[in-house]
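Each chain, letter by letter, is given below.
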Amino acid sequence: MRKATLRGVFCFFAAAFAFITALSFAFIKPAAAYAAAGISASISMERQTRTVLSENNADEKLPMASTTKIMTALIICEDCDPDKVVTVPDEAVGEEGSSIYLKRGENIDVRDLLYGLMLRSGNDAAASLAIIHSGSIDEFAKKMNARARELGAVDTNFVNPSGLPDDNHYTTARDLCTIACAAMDNALFRQVVSTKSWHGKYRSYANKNKTLYDYDGATGIKTGYTIKAGRCLVSSAMRGEMEVVCVVLNEPDMYGKSFSLLDGAFENYELAALSPEKIFMCEGIPCRISESLKLVVKKDGTVTYRCEALRTGDDGVCGKLQIYSENSLIFTANLYSIV
């Protein structure tokens, strides 16, 4: 009888412990919870059209380590004079993690800081650029979040410019790919992340991103690693006129996985152009699109067009063009009467 009672007490406490553990895990902040669960995520996207070519767990909130620096670099490229000579802020010296070993009071131009940020993943470069831009890291993080929202990255939150671990610092593969595509639209950003070796006025660096050395047509972009985030990589490559951007988060074989996704994109898809010279008929009315368009289609696939007539309004729109690839709607555009 006593053994049965003790067994019952033990079972009660074991069940209670399991319940409390599960309840505690449920309240862990998103990025920490997903990282603890060992979730990996990936996505590949055609840069010009933002067409998603493959995805897996693309909307899971995860830590992203130093791929954070893509947003940092984009903001600096957009807002700062790269040739401006600045003084390294005291707060940036000795920043935790990877470093380009900036010295207190050192003078350096923004361009060399940018290359140190993206080629060597310098956390001290990230802190310097953030403080130079916004006066403090907290204020710069606000700018990062505002820019993310402008780009449509609504499931992302930044608390620092480098990617140092924090439960409130996270993104999704989809958001990060969206940010990276926008960054690759910037000429200076593209130049920086595609550079294998940089020799500036103040510093020289070799790029740590093996994508540039090991993948045909590689154009960038950024590696990342912390124990919490795992191995992360944002890669990009161009073949012909099509450029693919790929994100993998918490992926042990980040290069192998990324190269496989890039291979699949180039093997199965191509970029096509649609000219405004092409005429479509909407209930007997000849129409056309207003400007040249680009769209992604499957290689050797079937592309069909459907026109839906609309009542002509003040804007001149007389119909809606729908483009299908393998019976899947891939694009819509307004049609304008030419008569």
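Up top is the structure these notes are about.
Nothing here was measured: the structure is a model prediction, and the numbers come from that model.

Is there a simple way to explain the overall build of the chain in this structure?
Helices and strands together make up the secondary structure of the chain, namely ten helices and 16 strands. Taking all 339 residues of the chain together, 47% fall into the buried category. Sequence-distant contacts in the chain: of pairs separated by 6 or more residues, those separated by 24 or more amount to 59%. Only carbon and sulfur atoms are counted for the fraction: they give 51% of the accessible area of the chain, which is about 16,400 Å².

Quick question: what am I supposed to make of the sheet that holds strand E1 (residues 41–46) here?
Note on sheets: strands pair through backbone hydrogen bonds, and any given pair is parallel or antiparallel. With antiparallel pairing, the five strands of this open sheet are ordered in space as E2-E1-E9-E8-E7. A single partner strand is all that each edge strand has here, and the edge strands are strand E2 (51–56) and strand E7 (218–226). Strand after strand, the sheet turns through a mean of 10° between neighbouring axes, direction not considered. When E7 meets strand E8 (residues 230–239), the two strands line up antiparallel, connected through eight bridges. Bridge pairing in E8 places Tyr225 opposite Arg231.

I tried to follow the packing of helix H3 (residues 69–79) against helix H5 (residues 123–134) on my own but got confused; where do I start?
Closest axis-to-axis distance for the H3/H5 pair is 11 Å, and the angle between their directions is 40°. In terms of orientation, H3 lies oblique with respect to H5. As H3 runs across H5, the sense of the crossing is left-handed. The residues of H5 that touch H3, namely those facing Lys69, Ile75, Ile76 and Asp79, are Asn123, Ala126, Leu129 and His133. By residue class, the composition of the contact of H3 with H5 is four nonpolar, two polar and two charged.

Is there a simple way to explain the sheet that holds strand E12 (residues 285–288) in this structure?
Strand order across the open sheet formed by five strands is E11-E12-E16-E15-E14, with antiparallel pairing between neighbours. Every other strand in the sheet has two partners, leaving strand E11 (280–282) and strand E14 (303–309) as the edge strands with one partner each. Averaged over all pairs of adjacent strands, the angle between strand axes in this sheet comes to 40°, irrespective of strand direction. By the bridge criterion, two bridges tie E12 to strand E16 (residues 328–337) in an arrangement that is antiparallel. Paired with Arg288 across the strands is Tyr336, a residue of E16.

In this structure, what is going on with helix H7 (residues 173–184)? I would like to understand it.
Every α-helix winds through 3.6 residues per turn, so residues three or four apart in the chain are directed the same way. Taking 1.5 Å of rise per residue, the twelve residues of H7 would be expected to cover 16 Å, and the 16 Å separating its terminal C-alpha atoms lies within 8% of that figure. Of all twelve residues making up H7, eleven are buried, and the element is well covered by its neighbours. Buried within H7 we find Ala173, Asp175, Leu176, Cys177, Thr178, Ile179, Ala180, Cys181, Ala182, Ala183 and Met184. The inward-facing, buried residues of H7 abut E1, H3, helix H8 (187–193), E7, E8 and strand E9 (242–249).

What is the right way to read the packing of aromatic side chains from this model?
By convention here, two paired aromatic rings are described through the distance between centres and the angle between planes. Under the definition given, this model contains four aromatic pairs. When the centroid spacing of 3.8 Å and the interplanar angle of 5° are considered together, the rings of Tyr115 and Trp198 count as stacked. Here Tyr115, found in helix H4 (residues 110–119), pairs with Trp198, found in strand E5 (residues 197–199); they are 83 residues apart in sequence, far enough to count as distant. A centroid spacing of 5.1 Å and a plane angle of 40° characterise the contact between Tyr215 and Phe259, whose relative ring orientation is tilted. Remark: Phe259 occurs in helix H10 (residues 254–268) and Tyr215 occurs in the loop between helix H9 (211–214) and E7; sequence separation between them is 44 residues. On the basis of relative accessible area, Phe259 is assigned to the buried category, the value being 16%.

What exactly am I supposed to notice about the pairing of E12 here?
It is a general feature of regular strands that their side chains alternate between the two faces of the sheet. Summarising the sheet, E11 and E12 pair through three bridges and their orientation is antiparallel. Within E12, the residue paired with Phe280 across the bridge is Cys287.

Can you walk me through the packing of H5 against helix H6 (residues 137–150) in this structure?
Between two packed helices, the angle of one axis relative to the other and the distance separating the axes together describe the packing. It is at 8 Å that the axes of H5 and H6 come closest, and there the two elements cross at 85°. Judged by the inter-axis angle, H5 sits roughly perpendicular to H6. On the side of H5, the interface is formed by Ala127, Ala130, Ile131, His133 and Ser134, while H6 contributes Ile137, Glu139, Phe140 and Lys143.

Any chance you could explain a nonpolar patch on the surface here in plain terms?
Among the surface-exposed residues, Ile279, Met281, Ile285, Ile338 and Val339 lie close enough to one another that they form a single nonpolar patch of about 460 Å² accessible area. By the secondary structure assignment, Ile285 is in strand E12.

Would you mind going over the pattern of salt bridges with me for this structure?
Where charged atoms from two side chains of opposite charge come close, those side chains can pair. Applying the stated rule across the entire model yields 15 salt bridges. Among the ionic pairs, Arg147 bridges to Glu78, the shortest N-O distance being 2.8 Å. Of the two residues, Arg147 sits in helix H6 while Glu78 sits in helix H3, which places them 69 residues apart along the sequence. A residue is classified by how much of its surface remains accessible, and Arg147, at 16% relative accessible area, is buried. A salt bridge links Arg147 to Glu150, with the nearest nitrogen and oxygen atoms 3.1 Å apart. You can see Arg147 and its partner Glu150 sitting in helix H6, three residues apart, about one turn around the helix. Judged by relative accessible area, which is 58%, Glu150 ranks as exposed. When salt bridges that share partners are traced, they join Arg47, Arg50, Asp185, Arg190 and Glu243 into one network.

The rules behind each value
Chains are numbered independently. Their residues run from 1 in the order of the written sequence. Predicted model: local features are reported for residues with pLDDT of at least 70 only, side-chain atom pairs are reported and counted for 80 or more only, and whole-chain, interface and lining totals are derived from all residues. Hydrogen atoms and water are omitted, and side-chain values are computed over all heavy atoms in the structure. Helix and strand labels come from DSSP, where a helix needs a run of H or I of at least four residues and a strand needs a run of E of at least two; each type is numbered from the N terminus. Residue exposure (1.4 Å probe, protein chains only): buried if accessible area is under 20% of the type maximum, exposed if over 50%, otherwise partly exposed. Contacts between residues were defined by any pair of non-hydrogen atoms, one from each residue, lying within 4.5 Å. Values of accessible area rely on a 1.4 Å probe in the Shrake-Rupley scheme; residue burial ignores everything except the protein chains shown. At least two DSSP bridges between two strands are required for those strands to pair. As a rule, the C-alpha atoms of each element are fitted with a line to give its axis, helices using only the stretch in contact, and angles between N-to-C directions run from 0 to 180 degrees. When describing relative orientation, an angle under 35 degrees is termed roughly parallel and one over 145 degrees roughly antiparallel, while 65 to 115 degrees is termed roughly perpendicular and anything else oblique. Crossing chirality is assigned from the near helix's rotation relative to the far helix, an anticlockwise turn below a right angle marking it left-handed and a clockwise turn marking it right-handed. Charged residues are taken to be Asp, Glu, Lys and Arg, nonpolar residues to be Ala, Val, Leu, Ile, Met, Phe, Trp, Tyr, Cys and Pro, and polar residues to be all remaining types, Gly included. To estimate the expected span of a helix, subtract one from its residue number and multiply by 1.5 Å. Any two of the Phe, Tyr and Trp rings considered here, Trp counted by its six-membered ring, make a pair once their centres fall within 6.5 Å; the pair's planes then place it as stacked at under 30 degrees, edge-to-face at over 60, or tilted in between. Two distance rules govern patches: like charges are joined within 9 Å, and nonpolar side chains (Val, Leu, Ile, Met, Phe, Trp, Tyr) within 5 Å, applied only to residues with over 30% relative accessible area and no salt bridge. Just to be clear on terms, a salt bridge is a Lys or Arg side-chain nitrogen sitting within 4 Å of an Asp or Glu carboxyl oxygen.

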